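# Secondary and tertiary structure notes
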Amino acid sequence: MNDPDPPAPPGDGGTGDDGIEYGLSTQTRVRTKKPSLYRVLLLNDDYTPMEFVVFILERFFNRSREQATRIMLHVHQKGVGLCGVYTYEVAETKVAQVLDLAKRHEHPLQCVMEKDD
Ligand code: TYC
């Protein structure tokens, strides 16, 4: 009964005789910040086979054959199209994977990322 307060943690003002806590808060408010997102885009060209673009969308962007075909045709007709939206490092990896595979197959396919603001 009536035990004294345990030693205050460093930086803490402790508890007064009145039971009220004085001093500085030792807690920092947790500020969460959503990571920035990046769009990964495919660009049209005249040489990359349609089937290769569909394969890229299935393999690296987890698209179904139907989705991949729709995106590929959109890029073919409009010049550019959205593959997906990712955090910076994921987007960077996907772009590198696409460019690497296209290069290895000697296709001029281009893939870029841009901030999704
Ligand atoms: N335009 C290409 C063709 O006619 C097909 C294509 C589609 C190429 C999408 C690139 O990102 C692309 N073979």
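Residues numbered from 1 in each chain as written. Predicted model: local features only at pLDDT ≥ 70, side-chain atom pairs only at ≥ 80, totals over all residues. Heavy atoms only, no water.

Named according to an unreviewed UniProt entry, the chain is ATP-dependent Clp protease adapter protein ClpS originating from Hyphomonas jannaschiana VP2. Under the UniProt heading Subunit (unreviewed entry), the note attached to the chain is "Binds to the N-terminal domain of the chaperone ClpA." (UniProt positions renumbered as here; feature names shortened; annotations may be inferred.)

Moving on to unusual backbone geometry. You will see that N62, though not glycine, has its phi angle at about 55°, which is positive. Among the secondary structure elements, N62 is positioned in the loop between α1 (50–61) and α2 (65–78). Within the chain, E106 stands out as a residue other than glycine whose phi angle is a positive 60°. Secondary-structure assignment places E106 in the loop between α3 (88–104) and β5 (110–115). E106 gets classed as exposed once you look at its relative accessible area, which sits at 73%. (Helix = DSSP H or I, 4+ residues; strand = E, 2+ residues; numbered from the N terminus. Buried < 20%, exposed > 50% of the residue type's maximum accessible area, 1.4 Å probe, protein only.)

Now for the sheet that holds strand β3 (residues 37–43). The 3 strands are arranged β4-β3-β5 in an open sheet whose pairing can be described as antiparallel. Both edges of this open sheet fall to β4 (80–87) and β5, since each of them pairs with a single strand only. On average, each strand axis in the sheet is inclined to that of its neighbour by 25°, with strand direction left out of account. Bridge count between β3 and β4: 7 bridges; the pairing is antiparallel. Looking at the pairing, R39 lines up with V85 of β4. Here α2 sits on the sheet in contact with β3 and β4, set at roughly 125° to β4. (Pairing = 2+ DSSP bridges. Axes fitted to C-alpha atoms, helices over the stretch in contact; angles between N-to-C directions. Contact = heavy atoms within 4.5 Å.)

Here the focus is the site of the ligand. Lining the immediate environment of the ligand, one finds L43, N44, D45, T48, M50, V53, M72, V75, H76 and L109. Backbone polar atom of L43 to an oxygen atom of the ligand: 2.8 Å apart, as the coordinates give it. Measuring from a nitrogen atom of the ligand, one finds a side-chain N or O atom of H76 at 2.9 Å. Relative to its unbound accessible surface of 350 Å², the ligand loses 89% to contact with the protein. Contributing elements (two or more residues each) for the shell around the ligand: α1 and α2. Residue composition of the shell around the ligand, grouped by class: 6 nonpolar, 3 polar and 1 charged. (Near = heavy atom within 4 Å. Polar contact = N/O pair within 3.5 Å; in protein donor to acceptor, adjacent residues only side chain to side chain. Areas by Shrake-Rupley, 256 points an atom, 1.4 Å probe, with all protein chains shown as cover. Nonpolar A, V, L, I, M, F, W, Y, C, P; charged D, E, K, R; others polar.)

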